[in-house]
Amino acid sequence: MRTAEALRMALEALRTNRLRSALTMFGVVIGVSAVVVLVAIGTGAKEAIEGEIAGLGSNIILVVPGQVGLGAAPTQSRLDLADVAYVRRVVGDPGKVTVAVNSGEPVRVGRTEVFATVTGTDENMPHIFERPLRRGRYLGETDVDTRRRVAVLGSEVADKLFGDVDPIGRQVTVSGVRFRVVGLYAPVGATFGVARDQEVHIPVTTAQRLIGLPRINGIAVGASGPDEIEPLRQRVLQGLAARYPGERFSAVTQTQLLGTIGSVLGMLTGVLAAIAGISLLVGGVGVSNIMLVSVRERTREIGLRKALGARQRDVLGQFLIEAVLLTTIGGVLGILLGVGGSLLIQALSPVPAAITWWSVALAFGVSAGVGVFFGVAPARRAARLDPVIALRAE
Amino acid sequence: MTAPEHERPVPAFEAVGLARSYRLEGVSVDALRGVDLRIDHGEFVAIIGPSGSGKSTLMHLLGCLDRPTSGILRVNGVDVATLDDTGLAELRNQAIGFVFQSFHLLGRTSALDNVALPLVYRGVGRSERRERARRALEAVGLAHRLDHRPSQMSGGEQQRVAIARALVGDPKVVLADEPTGNLDSRNGQEVMDILTELNAARGVAVVLVTHEREVADLARRRIHVRDGQVELDERDGVGGSPQGVSAQGDPAAGRREGP
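Naming follows an unreviewed UniProt entry, where chain B appears as Macrolide ABC transporter ATP-binding protein of Sphaerisporangium melleum.

As recorded in an unreviewed UniProt entry, chain A goes by ABC transporter permease and comes from Sphaerisporangium melleum. Of chain A, the UniProt comment under Sequence similarities (unreviewed entry) reads exactly: "Belongs to the ABC-4 integral membrane protein family." Per UniProt, chain A carries the Subcellular location (unreviewed entry) text "Cell membrane".

Engineer: Looking at this structure, I do not really get the layout of surface pockets. What am I missing?
Structural biologist: In this approach the atoms are scanned with a rolling probe the size of a water molecule, which exposes any empty space left behind. The volume enclosed by the largest pocket comes to roughly 930 Å³. Surrounding the largest pocket, 39 residues form its lining, Glu12, Glu301 and Arg305 of chain A together with Leu106 and Thr109 of chain B being those nearest its centre. Of all the secondary-structure elements, those providing two or more residues to the lining of the largest pocket are helix H1 (3-16), helix H2 (18-55), helix H9 (254-297), helix H10 (299-307) and helix H11 (312-348) of chain A together with helix H3 (111-120) and helix H4 (126-139) of chain B. Among the elements that take part in the lining of the largest pocket, H1 of chain A stands out by supplying eight residues, more than any other. Of the residues contributing to the lining of the largest pocket, the split by class is twelve nonpolar, eleven polar and 16 charged.

Engineer: When you look at the interface of chain A and chain B in this model, what are you seeing that I'm missing?
Structural biologist: It is common to give the size of an interface as the accessible area that goes away when the parts come together. At the interface, 26 residues of chain A touch 25 residues of chain B. Of the roughly 2300 Å² buried between chain A and chain B, counting both surfaces, carbon and sulfur atoms make up 59%. Inspection of the region where chain A meets chain B yields two salt bridges. The partner of Glu90 of chain B in a salt bridge is Arg311 of chain A, with the nearest N and O atoms 3.1 Å apart.

Engineer: Looking at this structure, how should I read the domain arrangement of chain A?
Structural biologist: Entries for chain A in the domain assignment read domain 1 (3-51 + 259-392) and domain 2 (76-247). The C-alpha-based centres of domain 1 of chain A and domain 2 of chain A are spaced at 56 Å.

Engineer: What's the story with the packing of H11 of chain A against helix H12 (residues 357-383) of chain A in this structure? I'm lost.
Structural biologist: How two helices sit against one another is set out by the angle between their axes and by the gap between those axes. Residue and element names in this part refer to chain A. At a closest axis distance of 7 Å, the pairing of H11 and H12 adopts a crossing angle of 150°. The angle between the axes of H11 and H12 places the two elements in the roughly antiparallel class. Classified by chirality, the crossing of H12 by H11 is right-handed. Here the contact of H11 with H12 is built from residues that sort into 18 nonpolar, seven polar and one charged.

Parameters and conventions
- Residues numbered from 1 in each chain as written.
- Chains lettered and ligands numbered in written order.
- Predicted model: local features only at pLDDT ≥ 70, side-chain atom pairs only at ≥ 80, totals over all residues.
- Heavy atoms only, no water.
- UniProt positions renumbered as here; feature names shortened; annotations may be inferred.
- 1 Å grid on protein atoms, 1.4 Å probe; cavity = no way out; pocket = protein on both sides within 12 Å on 5 of 7 lines; lining within 4 Å.
- Points joined across faces, edges and corners; volume = space filled by probe spheres on them.
- Helix = DSSP H or I, 4+ residues; strand = E, 2+ residues; numbered from the N terminus.
- Nonpolar A, V, L, I, M, F, W, Y, C, P; charged D, E, K, R; others polar.
- Contact = heavy atoms within 4.5 Å.
- Buried area = accessible area lost by both parts, 1.4 Å probe.
- Salt bridge = Lys/Arg side-chain N within 4 Å of Asp/Glu carboxyl O.
- Domains from an automatic or database assignment.
- Axes fitted to C-alpha atoms, helices over the stretch in contact; angles between N-to-C directions.
- Parallel < 35°, antiparallel > 145°, perpendicular 65-115°, else oblique.
- Left-handed = near helix turned anticlockwise from the far one by under 90°.

Here it is as structure tokens:
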């Protein structure tokens, strides 16, 4: 029997039982569209987060005490400004090293008060992290050396506290201490859920006094190019190891962060896809079930076809093609629904969705495979029917 | 049938000691107990017997729908024991046309496509199939029913579609299992006329299974089956049977006992 003929026969059979075919397909449609949508969401989330990490500034090494990683306990910092000076000597270029002391503090102007991330840092920070200025000036070396009470505001903080008024030269009260505003950052958006436009930068020395601790939270080193990152990282780690034998420090690069987060999100996407895959499997069982019913119902037809000369492989092919047709039509509909659903989610919710060609190809391939896998048993049953018994069936 | 004894052509069917038993709930039932039989091309034979006599089993064996438990069956000179299932299917497709009591037409398929079905399994292309099916339907007087579905036709018409389907592949033999069983006498007569005409004009051997005496009487040879054996093999004497064998004298008739 020719393939075109088998295909025509199968389509005819599916058309004959329109409602049943549609309902059977529905299971596959749901499974496939779930795979496409969930993978799109997983991939979208991954891309969004990776984009945010990339927005952190390129070629930066973050040096923190203790170990960084999933499940690692946070470590009390023992680093201070002397260590920053040491790292500067290790790196060799003081301009490539900056420092951060972070603390959430209330910031007030008159009766308006906002809660902001107050970061004590130095003059190198905006260059390493690429924070463009909108007005005024950056923090300077003298501000740090003389522990001045000056501040550079993130754009959102400035908007909340001053509205349309130019904040440069005005006073803000941080945790009860008055600061003079000397600069205003251009908006840069959020990274990692960290609203960088809600930061207030003050000299690190001033911040240590404000908080009452001589410690710093971390040191950031800017490499001049991607090739320099790894050697620089090693140099800083070795330097710190020499200074504090037996203690652990972590120097995290953007690539490492990307790798860690990428693998976590990849796992998440995998889990989502697996859950969706289970529903596809259930759809496949539905196909198998319906095909068994169909074989039983059409026993006489099978007997007749065999009497007229259908070989086992003809009957097998007929029912297998029917099953595969059910699942692949369902697969195509599921892909359309999944792509449409992903676009809709993308448009209507903050959840990002990125449709990947591989998930579409996989979903289609799997749905065809499901048809073969779950169609074989019923098709074999049909093919092996004894024609004499089949012809006599009710 | 006119050939002399020493150069007889290959018969359509030749059975030697043909037996078939079934196991029903552990009990062995002998449906056919050693049948010797020879049916030549061009014959018109009725297999007649009461229900449970084994005539349907014999029919299934002759139609290559089933295999004998023991004994030899040759169809067109080919020993069916040498064929696998695929070989049997191809033999059915090429050599045998079936007509069933309950017509066995595909309900949602037009008369034309029903008739063309055997050619599908022969790998014949669509247009040629339809052309041959159309000619077969014309031959049974249904040229005006090509696109009708079985449900839109009378029982007699349906059986004529089935006959057209049996003919479309130019088989050597048409096996008809109670072809008039579901028809009233007028339609039954019409179907018998077609089968008779088919046998006379085309030389196709017709083997029909029936329990109705008057249907069997239309055949030129009647093989009576009872208790799984050939009880009587009678031929109309009028120039028909080779070497003028009488029913009782036929060596194939009822001589062999079951196993």
